[in-house]
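Each chain, letter by letter, is given below.
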Amino acid sequence: MSQHGIGTRCVQAGYKPANGEPRQIPIIQSTTFKYDTSEDMGKLFDLEASGYFYTRLQNPTNDHVAAKIAALEGGSAAMLTSSGQAANFFALFNICENGSHIVASSSIYGGTFNLIAVTMAKMGIEVTFVSPTASRDELDAAFKENTRAVFGETIANPALTVLDIEKFAEAAHAHGVPLIVDNTFPTPVNCRPIEWGADIVTHSTTKYMDGHGAGVGGAIVDSGRFDWMAHADKFPGLTTPDESYHGIVYAEKFGKEGAFITKCTSQLMRDFGCIQSPQNAFILNLGLESLHVRMPRHVENGLAVARFLSAHDKVVGVNYPGLESDPYYELARKYMPNGGCGVVSFEIEGGRPAAESFMKKLRLAAIETHVADARTCCLNPATSTHRQMSDEQLKEAGIPAGLIRMSCGLEDKEDLIADIENALG
Ligand SMILES: *Cc1c(COP(=O)(O)O)cnc(C)c1O
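Since this is a predicted model, take the numbers as computed values, not measurements. (Residues numbered from 1 in each chain as written. Predicted model: local features only at pLDDT ≥ 70, side-chain atom pairs only at ≥ 80, totals over all residues. Heavy atoms only, no water.)

(A) Examining the packing of aromatic side chains more closely. Within the structure shown, the criterion is met by 15 aromatic pairs. Their ring planes at 40 degrees and their centres at 5.6 Å tell us that F33 and Y52 sit as a pair that is tilted. Within this pair, whereas F33 is found in the loop between α1 (6-12) and α2 (38-45), its partner Y52 is found in the loop between α2 and α3 (60-73), the two being separated by 19 residues in sequence. Y52 gets classed as partly exposed once you look at its relative accessible area, which sits at 22%. One residue, K207, lies across the ring of Y109, its end atom 5.1 Å from the ring centre. Lying across the ring of F254, K253 places its NZ or CZ 6.0 Å from the centre. (Phe/Tyr/Trp six-rings, centres within 6.5 Å; stacked < 30°, edge-to-face > 60°. Helix = DSSP H or I, 4+ residues; strand = E, 2+ residues; numbered from the N terminus. Buried < 20%, exposed > 50% of the residue type's maximum accessible area, 1.4 Å probe, protein only. Lys NZ or Arg CZ within 6 Å of the ring centre and 35° of its normal.)

Now the structure itself:
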């Protein structure tokens, strides 16, 4: 399927019904699966045979949808999680443990910042944040003996900085660790980080992939390219026997293509249980079927709104990597030639109070925590998603207190601009 175009993969990858089987992916709403003998089931528990026994570990509906996302990203294997937060936590914790260190872009989603800087710190995992514009020398200086992963977002939510994926990947590989990229905002329709050297890709499928504000979910995709055995001392979880699975060595038994996702499923999903419900996976797949049709419209509306805002005298600044004047324009053109996403952020004259009164006057754009929905929505990060960050941290992440994040939906751009013009007036 990966030889097909991205649109064909959105519609058809991951599930191929046999003669007389349902055309749409069946929702296997079953916690468990029945076997004729205990021997049959035992093989599954030993990872000697593949199959289903309990939905906390694997479910056929989820696996079809994960296979589609793997095909979209050009990865070797994928899994769904209950949320984007769970996806990023699992992707990191699958290779980090007490005593490990992570290098992460400082320009990332507030929830992920909190996860890494606060919650994972309590687990004994430290982090060094680097600027998304760090030079190669600055990146190299951030690595330590115990660094196990590099993390960044293709287009950061909400700062809209663009990650120089090749540069971050080269630095990660020079230090023998994988690059993990959260590709939520562009989606694989607009950028496929694996093609630029990323090793693991994560998603909050809650956003454009679902696209209709219907289901919270996440996904992890493995490129299948990182050679764990070549850096065996750094990744003992993948390269030494797992006593909880009769001494299986994941990187040996499942190879580069399967080790990461198999370990993540059989250890982390088993122990933490952050599964996506099959019902939500079905809804997610409905979104994926039109992702390639929706993304260009989100980009068209985002660009039109960004252009309108940047010409308005009450607007102090606009962040949108598709604007020629944006500092990330060249990087965006390189990694996302068809555009990035429909999210625009901007600062209006008068700071926080002006932002609040502007948002009250909007009629089409609703105030929501959400982004990347069919319906346009907006939010003031400093008073909502990022309120746990200090002013200093906000500044570092490129988020002034008066910043408004507007997620342009699929409406007519003329109506969105009229709504904004009226609210600014
Ligand atoms: C929303 C978001 C997340 C968190 O995803 P949830 O599905 O809300 O848990 C992670 N990364 C990015 C870039 C996001 O936009």
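(B) How the structure looks around unusual backbone geometry. A cis amide bond links N157 with the next residue in sequence, P158, at an omega value of 5 degrees. Residue position: P158 is located in the loop between β4 (147-153) and α7 (165-174). Not every positive phi belongs to a glycine, and A372 is a case in point at roughly 65 degrees. Mapping A372 onto the fold places it in the loop between β10 (366-367) and β11 (377-379).

(C) Representation of the domain arrangement of the protein chain in the model. Domain annotation for the protein chain reports domain 1 (14-286) and domain 2 (293-424). On a C-alpha basis, the centres of domain 1 and domain 2 stand 29 Å from each other. With 37 residues of domain 1 at the interface, the matching set in domain 2 holds 36 residues. Both faces combined, the contact of domain 1 with domain 2 buries some 3,000 Å², and carbon together with sulfur accounts for 64% of it. Contact with domain 2 buries surface across domain 1, with L160, N190 and Y208 losing the most and accounting together for 24% of the total. Residue E166 pairs with K334 through a salt bridge whose shortest N-O separation is 2.5 Å. Seen at the junction of domain 1 and domain 2, the total is 13 residue pairs in polar contact (both at pLDDT 80 or more). Partitioning the side of domain 1 that touches domain 2 into residue classes produces 18 nonpolar, 14 polar and five charged. (Domains from an automatic or database assignment. Contact = heavy atoms within 4.5 Å. Buried area = accessible area lost by both parts, 1.4 Å probe. Salt bridge = Lys/Arg side-chain N within 4 Å of Asp/Glu carboxyl O. Polar contact = N/O pair within 3.5 Å; in protein donor to acceptor, adjacent residues only side chain to side chain. Nonpolar A, V, L, I, M, F, W, Y, C, P; charged D, E, K, R; others polar.)

(D) View of the sheet that holds strand β8 (residues 315-319). The five strands are arranged β8-β9-β12-β11-β10 in an open sheet whose pairing can be described as mixed. Bordering the open sheet on either side are β8 and β10, each of which pairs with just one other strand. (Pairing = 2+ DSSP bridges.)

(E) Geometry of the side chain of H370. Among the structural elements, H370 can be located in the loop between β10 and β11. In contact with H370, other than residues within four places in its own chain, are T206, K207, G213, C377 and R405.

(F) Summary view of the nonpolar core. Formed by 98 residues in total, the largest nonpolar core has its most connected members in I69, L179, I220 and W228. Among the elements that make up this core, the one with the highest residue count is helix α11 (residues 255-272) (six residues). If near-sequence neighbours (up to four positions away) are discounted, I69 is found in contact with L80, T205, M209, A219, V221, L284 and L288. Core analysis: the second largest hydrophobic core is formed by 28 residues, A306, A354, F358 and I404 among them. (Core = buried A, V, L, I, M, F, W, Y, C linked by side-chain atoms within 4.5 Å.)

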